[in-house]
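Given next are the chains, with one letter for each unit.
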Amino acid sequence: MAMVNVTIDGVKVQVEAGTTVLEAAHQAHIHIPTLCHLKDVNKIGACRMCVVDVGARALAAACVMPVSDGMVVKTNTPAVRQARKSVLELILSNHERKCLSCVRSKTCELQALAKDLGVDESRFDGANIEYPLDNFGPSIVRDPNKCILCRRCVAACRNVQGIGAIAAVNRGFKTVIAPAFEKKLSETDCINCGQCVVACPVGALREKDDTDKVWEALYDPEKFVVVQPAPAVRVALGEEFGMPIGTRVTGKMSQALKRLGFDKVFDTDFGADLTIMEEATELVSRIKNGGVLPMFTSCSPGWIKYVEHNFPELIPNLSTCKSPMQMEGAIIKSYYAEKAGIDPKNIVVVAVMPCVAKKFEIERPEMETDGMRSVDISITTRELARMIKDARIDFTKLPDEECFDELVSESTGAAAIFGATGGVMEAALRTAADVLENRSVENVDYVATRGIEGIKEATFTLAGKELKVAIANSTGAAKKLIRRIQAGDASYAFIEVMACPGGCVNGGGQPMVNAETRMDIDPRVERAKGLYTEDEKKVIRKSHENPDIKKLYAEYLGEPNGHRAHELLHTHYVDRSKK
Ligand code: SF4
Ligand code: SF4
Ligand code: SF4
């Protein structure tokens, strides 16, 4: 690769040809402010916050300007500083400035820039258009009054997820980011993945806040309120309290949930082990009995909705297994309720998820058992952090000792890795290998399933037979994979799809990571590392060896995929296409 020499603010730096001025400056530890730029997602040079002097007549946008050999860049001249201030003032002139009550206060990139650049009052106060909130769906709230038109959400939805539910509509002063034809987000093909939310630098997109519902349940003396956090939450929650990205806080998280007042703190990891029991059995049965293949995983509600809208012909290929969250909820309201002698109607199951699509999933009628929802409230990692802060719990000082309650919490390493892309596949392979080979296979590390490439493929030999598998993370990657399969260019027995890039660790409900941090750190990689460490530390690393799972089948469910398991743990899907 050809290298070029550049001087930035007097610092000489050698970078690969084709590098942008922004990236070159970053390598020289010079931080140029940005708003519309988001690494791997959006690079359009639209907001002009990153302007620099490259010796030309006009200032250049550093995020799209490639370096050239001998280039001299100045990032801090009076003209540059004035240009950036003017950009900020213009944005703020049409912005609903309510930082005190805004959910993004302290994580807002606009607020931080205004503080850094000393812009607090706008010179351009003028006519503002007041837009109604779009808060009609279960997962996401759109607030165009706070939108700065950076288009990071548009790129995340269209380019990464391959969906295109939102775009810039109208022109000039009336431009707004919205679904076409004045539809509400819930009336489009939006899959509630929340990738637009984590891409948004401000409070214009956010999850629907359900924390009040949780407080209400906790204060209700008639209710028995239990909680179950998902695998990916424990490697991200600490970030909300200043810990490095990917820090494992499983113990502190369980302690915080206890202090919030939940009657029982269970673990979705148990539900993940249960999912593997059902899903691996379903896969082995489809392979042995000539069932529909490839079989796709079904844990990710965004992915399920994507299939229902866009590829309904693939519905028979989806595993009928409910997600770990739903399985855990169904078992709490049946097996646990029976054991504890509690009327399931009085149990409120709260799930803490890295995902905003789970808020949609809990409302699906197909997830009900005997007319009762298995999970009553689903909150995100961010919402849990807000509750912990609201309760004035000093999270960092909590003991790092797990205090999950017994019966439906014990879990294995296989469950821990569910939160990373490839994790469900690897967990399923650990169990399928033992079942097919009728012995305890020593190897549990299927490393070909790991990593953050959009599509991963591997072939494993189990019981003398080749098993071809694929993993897609992001719906954009899944779309490419499906097209290849439908064109006859690829074939597999088993495919894992997670709607979010990197899997649940990078879900739409996870802590915000700003654009500048993303230049250096990939949260998908760091959080996944935390989960693989959690896996390695577990004594038991295969789902079918979990003693409480064995007990559940022996005492209550019978066989995996048996009659009772089907009633409680399996579901069906709906064709949402307009074909
Ligand atoms: S989006 Fe940012 S600047 Fe706007 S009100 Fe919220 S915190 Fe303040
Ligand atoms: S939630 Fe996902 S599908 Fe919906 S608008 Fe946002 S990125 Fe697009
Ligand atoms: S909603 Fe957020 S990400 Fe989308 S254009 Fe507006 S400010 Fe940017």
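This structure is a prediction, so every number in the text was calculated from the model and none was measured. (Residues numbered from 1 in each chain as written. Chains lettered and ligands numbered in written order. Predicted model: local features only at pLDDT ≥ 70, side-chain atom pairs only at ≥ 80, totals over all residues.)

**Some points on the overall build of the protein**
Reasoning step 1: What the protein contains, in helices and strands, is 19 helices and 17 strands.
Reasoning step 2: In terms of C-alpha radius of gyration, the protein reaches 25 Å, essentially the compact-globule figure of 25 Å for 579 residues.
Reasoning step 3: Each of the 579 residues in the protein was classed as buried or not, and the buried ones make up 49%.
Reasoning step 4: Residue pairs at least 24 apart in sequence account for 74% of intrachain contacts in the protein once pairs closer than 6 positions are excluded. (Helix = DSSP H or I, 4+ residues; strand = E, 2+ residues; numbered from the N terminus. Rg over C-alpha atoms; globule rule 2.2 N^0.38 Å. Buried ≥ 20, exposed ≤ 12 C-beta atoms within 10 Å, placed from the backbone. Contact = placed C-beta atoms within 7 Å.)

**Focus on the site of ligand 3**
Reasoning step 1: Looking at ligand 3, there are 13 residues lining it, with C147, C150, C153, C200 and A204 nearest.
Reasoning step 2: Residues that form the shell around ligand 3 fall into these classes: eleven nonpolar, no polar and two charged. (Near = placed C-beta within 6 Å. Nonpolar A, V, L, I, M, F, W, Y, C, P; charged D, E, K, R; others polar.)

**Re the domain arrangement of the protein**
Many analyses report the size of an interface as the accessible area lost when the parts associate.
Reasoning step 1: As assigned here, the protein comprises domain 1 (3–76), domain 2 (91–207) and domain 3 (212–569).
Reasoning step 2: Taking only C-alpha atoms, the centre of domain 1 and the centre of domain 3 are 41 Å apart.
Reasoning step 3: Counting from both sides, the interface comprises six residues of domain 1 and, opposite them, four residues of domain 3.
Reasoning step 4: Here the residues of the side of domain 1 that touches domain 3 are counted per class, giving one nonpolar, four polar and one charged. (Domains from an automatic or database assignment.)

**Concerning helix α10 (residues 324–340)**
Reasoning step 1: The sharpest bend along α10 comes to roughly 35 degrees, located at I332.
Reasoning step 2: Most of α10 sits inside the fold, with twelve of its 17 residues counted as buried.
Reasoning step 3: For α10, the set of buried residues is P324, M325, Q326, M327, E328, G329, A330, I331, I332, K333, S334 and Y336.
Reasoning step 4: For α10, the elements touching its buried residues are β10 (224–229), α8 (268–289), β13 (347–353), α11 (358–361), α18 (547–557) and α19 (563–569).
Reasoning step 5: G341 sits one or two positions beyond α10 and adopts a positive phi of about 65 degrees. (Bend = angle between axes of the 7 residues up to and from the residue.)

**Comments concerning the sheet that holds strand β11 (residues 264–265)**
Reasoning step 1: Ordered by their spatial adjacency, four strands build an open sheet running β11-β10-β13-β14, and the pairing between neighbours is parallel. Only two strands of the sheet have a single neighbouring strand rather than two, namely β11 and β14 (377–380).
Reasoning step 2: As defined by bridge partners, β10 adjoins β13 across six bridges and the pair is classed as parallel. In the sheet register, V226 faces β13, and the bridge partner there is V349. (Pairing = 2+ DSSP bridges.)

**Description of the site of ligand 2**
Reasoning step 1: Neighbouring ligand 2 are 14 residues, the closest being C157, A165, C190, C193 and C196.
Reasoning step 2: Of all the secondary structure elements, the ones that give two or more residues to the shell around ligand 2 are α4 (152–160) and α5 (195–199).
Reasoning step 3: By residue class, the composition of the shell around ligand 2 is ten nonpolar, four polar and no charged.

**Details of the sheet that holds strand β16 (residues 465–473)**
Reasoning step 1: Spatially, four strands are ordered β12-β17-β16-β15 in an open sheet, and the strand pairing comes out mixed. Here the strands that pair on one side only, and so sit at the sheet edges, are β12 (295–296) and β15 (455–462).
Reasoning step 2: Packing against the sheet, helix α14 (residues 423–437) makes contact with β15, β16 and β17 (494–498), and its axis sits at approximately 15 degrees to β15. (Axes fitted to C-alpha atoms, helices over the stretch in contact; angles between N-to-C directions.)

**Some thoughts on helix α2 (residues 78–93)**
Reasoning step 1: End to end, α2 covers 22 Å across 16 residues, agreeing with the expected 22 Å (1.5 Å per residue, within 8%).
Reasoning step 2: Buried-residue contacts for α2 involve β3 (51–52) and α3 (109–116). (Expected span 1.5 Å × (residues − 1).)

**Some details on unusual backbone geometry**
Reasoning step 1: Along the chain, L293 connects to P294 via a cis peptide bond; the corresponding omega equals 0 degrees.
Reasoning step 2: Residue placement: P294 occurs in the loop between α8 and β12.
Reasoning step 3: Even without being a glycine, E182 presents a positive backbone phi close to 55 degrees.
Reasoning step 4: Among the secondary structure elements, E182 is positioned in the loop between β8 (176–178) and α5.
Reasoning step 5: A tally of 8 C-beta atoms within 10 Å means that E182 is categorised as exposed.
Reasoning step 6: Here N438, not a glycine, exhibits a phi torsion of approximately 55 degrees, which is positive.
Reasoning step 7: With respect to the helices and strands, N438 occurs in the loop between α14 and β15.
Reasoning step 8: For N438, a count of 7 C-beta atoms within 10 Å gives the class exposed.

**Comments concerning the environment of D376**
Reasoning step 1: Looking at the element boundaries, D376 is found in the loop between α11 and β14.
Reasoning step 2: D376 gets classed as buried once you count the C-beta atoms within 10 Å, which come to 21.
Reasoning step 3: With near-sequence residues (within four places) excluded, D376 lies in contact with V348, V349 and V350.

**A short note on the pairing of β10**
Reasoning step 1: Judged by how many residues are buried, β10 sits mostly within the fold: five of six residues are covered.
Reasoning step 2: In this region the chain leaves β10, passes through helix α7 (residues 250–260) and returns to the parallel neighbour β11; the handedness of that crossover is right-handed. (Right-handed = clockwise from strand over helix to strand, strands pointing away.)

**Quick look at the packing of α8 against α14**
Reasoning step 1: α14 packs onto α8 with a crossing angle of 55 degrees between their chain directions and a minimal axis gap of 9 Å. As summarised for this structure, α8 and α14 are arranged oblique, according to the angle between their axes. The handedness of the crossing between α8 and α14 comes out as right-handed. Taking contact as the criterion, the partners of I276, E279, A280, L283 and V284 in α8 are, on α14, A427, A428, T431, A432, V435 and L436.
Reasoning step 2: For the contact of α8 with α14, the class distribution of residues is nine nonpolar, one polar and one charged. (Parallel < 35°, antiparallel > 145°, perpendicular 65-115°, else oblique. Left-handed = near helix turned anticlockwise from the far one by under 90°.)

**A few points about the environment of V284**
Reasoning step 1: Following the sequence through the fold, V284 ends up in helix α8.
Reasoning step 2: Along the backbone, V284 and L436 are 152 residues apart, and their C-alpha atoms lie at a distance of 7.6 Å.
Reasoning step 3: When residues no more than four places from it in sequence are discounted, the contact partners of V284 are A432, V435 and L436.

**Here's the deal with the packing of α8 against α10**
Reasoning step 1: Close contact between α8 and α10 brings their axes to 8 Å; oriented N to C, the two are set at 105 degrees. Judged on the interaxial angle alone, α10 and α8 are roughly perpendicular. Two secondary-structure elements touch here, α8 through T268, F270, G271, A272, L274 and T275 and α10 through P324, M325, M327, E328 and I331.

**Regarding the environment of Q195**
Reasoning step 1: By the secondary structure assignment, Q195 is in helix α5.
Reasoning step 2: C-alpha separation for the pair Q195 and I8, spaced 187 residues apart in sequence, amounts to 34 Å.
Reasoning step 3: For Q195, the residues in contact, after removing those within four places along its chain, are A156, C157, V160, Q161, C500 and G508.

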